[in-house]
Amino acid sequence: MRRLWIAAALALLLCLPARAAGPTATLVRAFVYGDALFTYVDLEGNDQPITKADAGIGSRTFPASAPLETVRQAGSPVTYLLLLDASTSMVSYQEEIAAFAGALAAGSGADTRFLLATFGRSFAAAEEAVTAEEVPDTVNTISFTETSSRLLSGIQGALDYFEGLPRSDSELRSMVILSDAVEYDSDGAVSYEELLARINSSDVILHSLGFGSDSAALESLAALTEASGGRHWVAGDGADAAAAGSALAEEVGGLYVTSFHLTGFAPEEERVPVSVTFASNGALVCRAEAEVSFPAAPAGESPGGEEAPAEEGEAPVSPAPSGEPDPPAAPGQPAEAAPAADILLLVGAGVAAVLVLVLAAVLLARRGRRRRAASHQEPSAPGVYLRIEVLKGTLLGKSMERTLCGELVVGRDKDCGIAFRSGALSRRHARVFLAGGAVYLEDLQSQNGTFLNGAPISMPTLLRSGDEIAAGDVAFRLKF
């Protein structure tokens, strides 16, 4: 009987984590267009009807202005930019590329459009309007003749091109990279860190399908994709190219989309945190958070569309003439004196206008000097606060707290930002650094390698609060 009770208790404990997990929400993309915030959300584990959604920005709360529906239900526009590696090493994969593109097009909704571009030595836009039916045949017209493959520069050029296109309100923009990910960029025009930062601030989400057997190159491509919040597949590595295309179409079509009107709202910072909560009949179901970039308002106009108040020192606009005749001269005043008086008035008004303009110029110059001086000061932001939780090893120093402004090196050297007493640790073993507001972990070609949640890393990898980092005989977590 006692064994039966123990078995029942163990079964209950095993069930608790799954029950405690509950519904989760991930903001796949959130962006501001016009006076509205648009959000695309991945809702998992939820079986309750969402009756209310609110966006919180600072101290302000904005209710949803549209129903929460999937992309397919709402008919929300989606644009895919298929970015093909046109190097000679990709010739043998042309059939799989066409199969992926055809399956993606066939599984996408009626409001989906496709763009086609290539990269080799440089980025090139191939087709700007391809129907779903034309996608496979259009992909088959690509010539794989490039002798070099500048992957990072190609992605950068594709982002420039994609972000420069006019968008359609809530349009979700997705770039799909099809490449063996072998990078050849001797000029180093774009660094890995620069591209990571660009990806994190872009409203374009990246997905990728990798080919070939260069595992390090494919892992590098996967890291870029995952930093964007997208999906990565490797053809032939347990993944069929056509199946990957169908899976991507299904995932995008199943995202939930809604919007929030922000009329008249203007945050002080260009990029601000946004929290979206989902409730069912008054009870909180789940919450999702992200950082969103707010476009600058046009000069002379407030974000709400109203005319902005005049700047300090700016000359007021004079009223338009009424069109009525000038009043008669005062009694006893000669009629010919009126023009002279008018001249004096005009001269006085001109002098006053010049004085106002000079004053405005002085004020604007002072303001410009203050702004230039502020731009040369050190940033006032304190960086990212980190707390170290040591799981194994001895941390040098008493403080378990750090502030991450640029990078913190992990190693046995006492000058490292996160230093441990360990002979199995390299002097400069790994580093934790900021890129685009996100925290990344990178191995510095250490002797014993760096592991994240038990898996070795070979390139900068996105770090989340609570992830377990192991290096040599040291293990720790960073909470932020």
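Remember, predicted model here, so these are calculated numbers, not experimental data. (Residues numbered from 1 in each chain as written. Predicted model: local features only at pLDDT ≥ 70, side-chain atom pairs only at ≥ 80, totals over all residues. Heavy atoms only, no water.)

When helices and strands are tallied, the protein chain shows nine helices and 25 strands. Looking at the 480 residues of the protein chain, the share that counts as buried comes to 40%. For the protein chain, the accessible area works out to roughly 26200 Å², and carbon and sulfur atoms hold 54% of it. (Helix = DSSP H or I, 4+ residues; strand = E, 2+ residues; numbered from the N terminus. Buried < 20%, exposed > 50% of the residue type's maximum accessible area, 1.4 Å probe, protein only. Areas by Shrake-Rupley, 256 points an atom, 1.4 Å probe, with all protein chains shown as cover.)

Attention now moves to empty space enclosed by the protein. Going through the model one piece at a time under the given rule, you end up with one cavity of 30 Å³ or more. Of the pockets and cavities examined, the largest cavity occupies roughly 40 Å³. Forming the boundary of the largest cavity are Leu-82, Phe-114, Leu-115, Leu-116, Val-130, Val-135, Thr-138 and Val-139. Sorting the residues of the lining of the largest cavity by element identifies strand S7 (112–119) and helix H4 (135–139) as the ones contributing at least two each. Residue composition of the lining of the largest cavity, by class: seven nonpolar, one polar and no charged. (1 Å grid on protein atoms, 1.4 Å probe; cavity = no way out; pocket = protein on both sides within 12 Å on 5 of 7 lines; lining within 4 Å. Points joined across faces, edges and corners; volume = space filled by probe spheres on them. Nonpolar A, V, L, I, M, F, W, Y, C, P; charged D, E, K, R; others polar.)

This next bit is on a negative patch on the surface. Judged by side-chain charge, Glu-127, Glu-128, Glu-133, Glu-134 and Asp-137 come together as a negatively charged surface patch. Counting through the fold element by element, Glu-134 comes out in the loop between strand S8 (123–130) and H4. (Patch = residues over 30% accessible without salt bridge, like charges linked within 9 Å, V, L, I, M, F, W, Y side chains within 5 Å. Salt bridge = Lys/Arg side-chain N within 4 Å of Asp/Glu carboxyl O. Lys, Arg positive; Asp, Glu negative; His and termini not counted. Charge placed at Lys NZ, Arg CZ, Asp CG, Glu CD.)

If charged atoms from side chains of opposite charge come close, those side chains can pair. What the rule picks out here adds up to 18 salt bridges. Residue Arg-231 pairs with Glu-251 through a salt bridge whose shortest N-O separation is 2.2 Å. On the criterion of sequence distance, the pair formed by Arg-231 in the loop between helix H7 (215–227) and strand S11 (232–234) and Glu-251 in helix H8 (residues 241–253) is long-range, its members being 20 residues apart. The partly exposed category is assigned to Arg-231, whose relative accessible area is 34%.

A few words on the packing of aromatic side chains. Enumeration according to the criterion identifies nine aromatic pairs in this entry. Seen in terms of ring centroids, Phe-62 and Phe-265 are 5.3 Å apart; in terms of plane orientation they differ by 70°. Their pairing is edge-to-face. Residue Phe-62 is located in strand S4 (residues 60–63), and its partner Phe-265 is located in the loop between strand S12 (256–261) and strand S13 (271–280); the two are separated by 203 residues in the primary sequence. The residues Phe-62 and Phe-265 share a single accessibility class, namely buried. Judged by centre distance (5.6 Å) and plane angle (15°), the ring pair of Tyr-80 and Phe-114 falls under stacked. Placement of Tyr-80 in strand S6 (residues 78–85) and of Phe-114 in strand S7 is noted, with a sequence separation of 34 residues between them. Accessibility assignment for this pair places Tyr-80 and Phe-114 in one class, buried. (Phe/Tyr/Trp six-rings, centres within 6.5 Å; stacked < 30°, edge-to-face > 60°.)

To continue, consider the pairing of strand S25 (residues 474–479). Strand direction decides the pairing type here: strand S15 (residues 384–392) and S25, joined by five bridges, are antiparallel. Within S25, the position partnered with Lys-392 by the bridge is Ala-475. Of the pairings in the sheet, the one linking strand S24 (residues 468–471) to S25 comprises four bridges and is antiparallel in character. Directly across from Ile-469, in S25, lies its bridge partner Phe-476. (Pairing = 2+ DSSP bridges.)

Tracing the chain through its elements places His-232 in strand S11. A distance of 2.6 Å separates the side chain of His-232 from the side chain of Ser-208, its partner in a polar contact. Contact partners of His-232, with chain neighbours within four places excluded, come to Ser-208, Gly-210, Leu-218, Leu-221, Ala-222 and Thr-225. (Polar contact = N/O pair within 3.5 Å; in protein donor to acceptor, adjacent residues only side chain to side chain. Contact = heavy atoms within 4.5 Å.)

As summarised here, the arrangement of the four strands in space is S4-S3-S13-S14, forming an open sheet in which the pairing is antiparallel. Of all strands in the sheet, those with a lone pairing partner are S4 and strand S14 (283–293), marking the two edges. Across the sheet, the mean angle separating the axes of adjacent strands is 25° when strand polarity is ignored. (Axes fitted to C-alpha atoms, helices over the stretch in contact; angles between N-to-C directions.)

Checked against the element boundaries, Asp-443 lands in strand S20 (residues 438–443). Asp-443 gets classed as buried once you look at its relative accessible area, which sits at 18%. Not counting residues within four places of it along the chain, the set of residues in contact with Asp-443 comprises His-429, Ala-430, Gly-449, Thr-450 and Ile-457. Of the polar contacts made by the side chain of Asp-443, one reaches the backbone nitrogen of Gln-445; its length is 3.1 Å. Engagement of the side chain of Asp-443 in a polar contact is seen with the side chain of Thr-450, the distance being 2.5 Å.

Attention now moves to the sheet that holds strand S9 (residues 172–179). A sheet is described by the order of its strands in space; here six strands give the open sequence S8-S7-S6-S9-S10-S11, paired in mixed fashion. The open sheet has two free edges, formed respectively by S8 and S11, since each of these has just one partner strand. In this sheet, adjacent strand axes meet at a mean angle of 20° when their direction is disregarded. With five bridges connecting them, S7 and S8 associate as antiparallel partners. Bridged to Phe-114 within S8 is Val-130. Across the sheet, H8 touches S6, S9, strand S10 (204–210) and S11, and the angle it forms with S6 is around 150°.

With that out of the way, let us pick up unusual backbone geometry. The phi torsion at Asn-281 lies on the positive side, around 50°, for a residue other than glycine. Its location among the elements puts Asn-281 in the loop between S13 and S14. We classify Asn-281 as exposed; its relative accessible area is 66%. If you check the backbone angles, Asn-453 has positive phi at about 55° while not being a glycine. Within the secondary structure layout, Asn-453 lies in the loop between strand S21 (450–452) and strand S22 (455–456).

Attention now goes to the packing of helix H3 (residues 94–107) against H8. Put simply, H3 and H8 touch, their axes get as near as 7 Å, and they point 25° apart. Relative to H8, the element H3 lies roughly parallel. Along this stretch, H3 crosses H8, giving a crossing that reads as right-handed. Where H3 abuts H8, its residues Glu-96, Ala-99, Phe-100, Ala-103, Leu-104 and Gly-107 lie against Ala-241, Ala-242, Ala-244, Gly-245, Ser-246, Leu-248 and Ala-249. Each residue belonging to the contact of H3 with H8 can be placed in one class, and the counts come to nine nonpolar, three polar and one charged. (Parallel < 35°, antiparallel > 145°, perpendicular 65-115°, else oblique. Left-handed = near helix turned anticlockwise from the far one by under 90°.)

Shape descriptors only; they carry no functional weight alone.
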